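# Understanding the architecture of this molecule
Letter by letter, the chains look like this.
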Amino acid sequence: MPASDDFVALLTKYQRQLHAYIFSLVWNPTDADDILQETNLVLLKKAAEFDATREFLPWAITIARFQTLAGLKRLQRLRFVFDEALVEFLADEAASDDPVLEARRLALEGCLQKLPAAHRDLLIRRYEPKAVVGEMAAALGLSLKALSDRLRRIRGKILNCIAHSLAQDALS
Amino acid sequence: MTSRATPSANTLPQHEHDELLRLLNALADGSLAEAEEQRLREILHRGEHARRLFREFAALHAGLYWDYAILLAPRRQPPSDRNGRGGGWWLPINRAAAIVAAVVGVATLAAWLLVAIPTGPLAVVTQARFLLPADGKQPLTIGQSLEAGKITLLGGVVELTLRNGVVIVFEGPGELDLAGELAATLYDGNVVIRMPKGMNGFVVQTPATDVLDLGTEFAVSVGAGKTTDVQVYDGAVITSTHRRREAGGPSQRLDAGEAARFSAESNAETVPMFFRPERFVRALPSDVGIPYPAAAMKRDEVRHFGPARNAAITVYRAPAGMAIDGRLGEWTDRPGFSGTRDGTAACAEWADGRMMYDEKFLYIAAHVGDPLPLRSIIDPEIDGAWGWRGGSVQVRVSTDRQMGWPARGNGSSYYMQRLITPSPEDEERARNPGLAHLTMWFHAPTQTPCLTINDGMQFANSITNPTGFVGAFIPDADGKGYTMEYAIPWSLLGCGDDPPQRGDVLAAVWQVIWADDAGRVRREQMVEIRNPDEPLQINVWERAATWGRAEYR
């Protein structure tokens, strides 16, 4: 039976959260995209099993977790940082992150606007599809460590900016 | 009572917080050592606070991939509704955002909705050359301001400078829909987009693909069958075909020096192409801009459509032993037509065209006056459909003996421009393979005589340099013209078993096209052998009834 419009709307709405969860386990953009697609297919196949009286995201993340583990095994990329208990923790906690992540995403936009041009340019190069940090360092004439340090500082600034922005919103 | 402070599930000592961030950065950038993995696991098991920081960092890292276009968006300024025309102006930007969203996985449109603030005309015409505007359209002039909307050219090149500094060089014939400072749709023709230093994010949408600029100079061409060619001169672009996007597939990156062809067909694959830097007009010299005075419209009608001075051409029986060498020795006493481009005897652009036939071949010969002869750089391997552009002779012939003369059949543009819906019979006539379009040119870089054949009024089944034809060009000794001679098998025109016979009157029309000094841009044209009963303001390539009489003797 084809998925209903409501189901497709939910699936569309939570793409970002599913991607973020999958990414937190695989840490590779291509693998994350592939596994997200596979997850979407499974979710669509299982649409009839979804109980519309319950929350969508926890159910979807459960399926995403299995798909991610299966995908990592299939891709033979199981140089796995996380054990099973940790994966379960992360899945449970990610399901409750929805409103927090949305607020952080909105704050991220503002924080990126505040970045100095040089930092922004570095991020553009770093997050280009297929960017490789080692090649990027060579192209910039930097050691890998020097580039990693720069990226770490920029990410740190963004995280601080997001935290500050959320705190300001809470006060206002 | 005293109590001893112990780390709870919801707190994380500062040093562990810092250490966790260091480890996560190493994980993100692929430099996490095995021992560090173990340490990361330990910290994450400590409690929810560590895992929340982990999820926040992972969401940031994933989000920068997912929301990559936010990084590319120019710095945001406060929105305004200047000129009270916000709605019509913002919508295309919104659409562009949706395109970008599809290309790089962006769901956030807000940043894109705010990226471009109207502070003057959207674009100014900064250069123009050999412009031929479409029917009924006012010609563009240098210095003219433009707002969002469609620009249609039948020929020539125009350079637009957008208010954010983006330069667009648009080469006709074609149609470009300028949507905003960072978005345009190319339906037909060529564009080169050049971004100001430090800016990126321009999206060109075509019937086959979307092209997102990453700070660069790149060219996009939409040609026959709505295929899209993309060539990157500098920087990089991300491309995503509509087919691939619908299938949820990945986008593709092209870097400087790379080129590819994308098809609008649902089952076609992307094809890598050779990088040909000379293929596109990237800039127009500032001293050759030619304003297009409105008073010249009457003259421009002539430039568009003719006028032809001859309504018929005799197609003579060819003598035995034809030698296709460009010397035209066999053509004595077999006259065709003669004329100059503007009808004056002093005009340096003129043509003397002739036709012959036998059981196996159609023979075409011409002596063309051309101050810039035989310079075409239009590459037959990749741009055969545009072979006319760099200087050429085009002959359109009907081989449909049953239809006779006048020929019938109109191209889709004929109906579209006149807001007419073709009937099924009209569409069938437009597919008549007995209507053939022959484009003959000399490819200067390889010194090769070239031929492209299309059939029907939809220019189907395009084939370039097919086996079996012979062509030859010879430049005039004074450097002001050339002769050309071709033998084209009837079998290539689909009538090998029923070629035209003595006494037949079929349809044919000639176009001679002169190009710029680079052999790339169509400059002027002349039409000959045209049906005088048809109105002048119809392009011969879109209506077969405009073709004159080819009388086989």
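Residues numbered from 1 in each chain as written. Chains lettered and ligands numbered in written order. Predicted model: local features only at pLDDT ≥ 70, side-chain atom pairs only at ≥ 80, totals over all residues.

Each helix and strand counted, chain A has nine helices and zero strands in total. Ordered by position in the sequence, the α and β elements of chain A form the string α-α-α-α-α-α-α-α-α. Each of the 172 residues in chain A was classed as buried or not, and the buried ones make up 26%. Pairs at least 24 residues apart make up 69% of the contacts formed inside chain A by residues separated by at least 6 positions. (Helix = DSSP H or I, 4+ residues; strand = E, 2+ residues; numbered from the N terminus. Buried ≥ 20, exposed ≤ 12 C-beta atoms within 10 Å, placed from the backbone. Contact = placed C-beta atoms within 7 Å.)

Moving on to the overall build of chain B. Check the secondary structure of chain B and you find ten helices and 26 strands. When the 553 residues of chain B are sorted by exposure, 48% land in the buried category.

Quick look at the nonpolar core now. Judged by nonpolar contacts, the single largest core of 117 residues is most densely connected at V191(B), Y363(B), I488(B) and A508(B). Among the elements that make up this core, the one with the highest residue count is strand β24 (residues 505-515) of chain B (nine residues). Beyond its immediate stretch of four places on either side in the chain, I488(B) contacts F361(B), L362(B), L438(B), L451(B), F469(B) and L493(B). Among the nonpolar cores identified, the runner-up in size contains 44 residues, and L25(A), L57(A), L123(A) and A28(B) belong to it. (Core = buried A, V, L, I, M, F, W, Y, C linked by C-beta atoms within 7 Å.)

Turning our attention to the interface of chain B and chain A. The partner chain A presents 43 residues to the 44 residues of chain B that form the contact. By residue number, the principal contributor to the side of chain B that touches chain A is helix α3 (residues 48-66) of chain B, which donates 14 residues. Broken down by class, the residue content of the side of chain B that touches chain A amounts to 24 nonpolar, nine polar and eleven charged. (Nonpolar A, V, L, I, M, F, W, Y, C, P; charged D, E, K, R; others polar.)

Turning our eyes to something else, we now look at the packing of helix α2 (residues 15-26) of chain A against helix α4 (residues 56-74) of chain A. All names here are of chain A. Direction vectors running N to C along α2 and α4 enclose 35°, while the axes themselves pass 10 Å from each other. The interaxial crossing formed by α2 with α4 has right-handed handedness. Mapping the contact onto sequence places Q17, L18, Y21, I22, L25 and V26 in α2 and L57, A60, I61, A64, T68 and L72 in α4. Split by residue class, the contact of α2 with α4 holds ten nonpolar, two polar and no charged. (Axes fitted to C-alpha atoms, helices over the stretch in contact; angles between N-to-C directions. Left-handed = near helix turned anticlockwise from the far one by under 90°.)

Within the secondary structure layout, E38(A) lies in helix α3 (residues 29-45). Separated by 33 residues in the primary sequence, E38(A) and G71(A) have C-alpha atoms spaced 8.7 Å apart.

A few words on the confidence of the model for chain A. Looking at chain A, pLDDT values average 82 and 90% of them are 70 or higher. Mean pLDDT across the elements of chain A ranges from a minimum in helix α1 (residues 5-13) of chain A, with 76, to a maximum in helix α9 (residues 144-171) of chain A, with 87. (pLDDT = per-residue confidence, 0-100.)

Moving on: the environment of W514(B). Residues and elements named next belong to chain B. Note that W514 resides in strand β24. For W514, a count of 23 C-beta atoms within 10 Å corresponds to the buried category. Separated by 141 residues in the primary sequence, W514 and P373 have C-alpha atoms spaced 8.3 Å apart. Excluding its chain neighbours within four sequence positions, the residues that come into contact with W514 are E349, D370, G391, R523 and E524.

Here the focus is the confidence of the model for chain B. All names here are of chain B. Summary statistics for chain B give a mean pLDDT of 81 and a share of 80% for residues scoring 70 or more. Predicted confidence for residues 74-119 stays below pLDDT 50, and this span has 88 contacts to residues more than four positions away or in other chains. Counting interchain partners and residues more than four positions distant, the pLDDT-below-50 stretch residues 286-298 has 17 contacts. The complex prediction reports pTM at 0.53, with the ipTM value standing at 0.91.

Looking now at helix α1 (residues 14-28) of chain B. Between its first and last C-alpha, α1(B) extends 21 Å over 15 residues, near the 21 Å set by a 1.5 Å rise per residue. For α1(B), every residue scored as buried is listed here: L20(B), L23(B), L24(B), N25(B) and A28(B). (Expected span 1.5 Å × (residues − 1).)

The subject of this paragraph is the packing of α3(A) against α4(A). Residues and elements named next belong to chain A. It is the contact of α3 with α4, at a shortest axis distance of 9 Å, that shows an interaxial angle of 130°. In terms of orientation, α3 lies oblique with respect to α4. Between α3 and α4 lies a crossing of right-handed hand. For the pair α3 and α4, contact is made by D31, D34, I35, E38, T39, V42 and L43 and by A60, I63, A64, Q67, T68 and G71, respectively. Tallied by class, the residues present in the contact of α3 with α4 amount to six nonpolar, four polar and three charged. (Parallel < 35°, antiparallel > 145°, perpendicular 65-115°, else oblique.)

Residue and element names in this part refer to chain B. For strand β7 (residues 209-213), the tally of buried residues reaches five of five residues, placing the bulk of the element in the interior. Covered by surrounding structure in β7 are T209, V211 and D213 together with D210 and L212, the residues of both alternating faces. As paired elements, strand β6 (residues 203-205) and β7 share three bridges and run antiparallel to each other. Its bridge partner being in β7, Q205 is matched across the sheet by D210. Between the end of β6 and the start of β7, which pair antiparallel, lie three residues. Alignment of β7 against strand β10 (residues 236-241), held across five bridges, turns out to be antiparallel. Residue pairing for β10: V211 is matched across the bridge by T239. (Pairing = 2+ DSSP bridges.)

Further remarks concern unusual backbone geometry. Note: most peptide bonds trans; most residues except glycine with negative phi. Residues and elements named next belong to chain B. Look at the link from G172 to P173: it is a cis peptide, with omega at 0°. Following the sequence through the fold, P173 ends up in strand β4 (residues 167-180). In this structure, P406 follows W405 across a cis peptide bond, with omega equal to -5°. Of note, P406 is situated in the loop between β18 (392-398) and α9 (412-417). The phi torsion at N465 lies on the positive side, around 50°, for a residue other than glycine. Here N465 is to be found in the loop between β21 (460-464) and β22 (470-475).

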